Amino acid sequence: MGALAIGAMAVGATALGVVAIGRLVVRRAVIRELRIGRLEVDELIVHRRVDGDAVQGSTEDG
């Protein structure tokens, strides 16, 4: 009975470890996606500002 209990505890610990690793992987993936999304948004904002300045500059000159 003792061996079965130890085996069950080992299986339970392994399952908990797998779940914990899975959560870390998912969390890292989500953080990575958020960072990529934030960079894309920053790039869009920069491009809009540059394009807006260029349009304003061309209308002032013309």
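Quick note: structure is the one above.
Report follows, based on the coordinates. The model shown is predicted, which means the values in this text are computed figures rather than measured ones.

## Some thoughts on the overall build of the protein
Step number 1: Within the protein, the regular secondary structure consists of 1 helix and 0 strands.
Step number 2: Within the protein, the proportion of its 62 residues that are buried is 0%.
Step number 3: Of the roughly 5,800 Å² of accessible surface on the protein, a fraction of 66% belongs to carbon and sulfur atoms.

## Observations regarding a nonpolar patch on the surface
Step number 1: A cluster of nonpolar residues, Val26, Val30 and Leu34, forms a patch on the protein surface that exposes about 270 Å² of accessible area.
Step number 2: Residue position: Leu34 is located in helix α1 (residues 2-61).

## Brief notes about a negative patch on the surface
Step number 1: There is a patch of like negative charges on the surface, built from Glu33, Glu40, Asp42 and Glu43.
Step number 2: Counting through the fold element by element, Glu43 comes out in helix α1.

## Focus: a positive patch on the surface
Step number 1: A grouping of Arg28, Arg32, Arg35 and Arg38 is seen on the molecular surface, where their side chains present a positively charged patch.
Step number 2: Here Arg35 is to be found in helix α1.

The rules behind these values
Residues numbered from 1 in each chain as written. Predicted model: local features only at pLDDT ≥ 70, side-chain atom pairs only at ≥ 80, totals over all residues. Heavy atoms only, no water. Helix = DSSP H or I, 4+ residues; strand = E, 2+ residues; numbered from the N terminus. Buried < 20%, exposed > 50% of the residue type's maximum accessible area, 1.4 Å probe, protein only. Areas by Shrake-Rupley, 256 points an atom, 1.4 Å probe, with all protein chains shown as cover. Patch = residues over 30% accessible without salt bridge, like charges linked within 9 Å, V, L, I, M, F, W, Y side chains within 5 Å. Salt bridge = Lys/Arg side-chain N within 4 Å of Asp/Glu carboxyl O. Lys, Arg positive; Asp, Glu negative; His and termini not counted. Charge placed at Lys NZ, Arg CZ, Asp CG, Glu CD.

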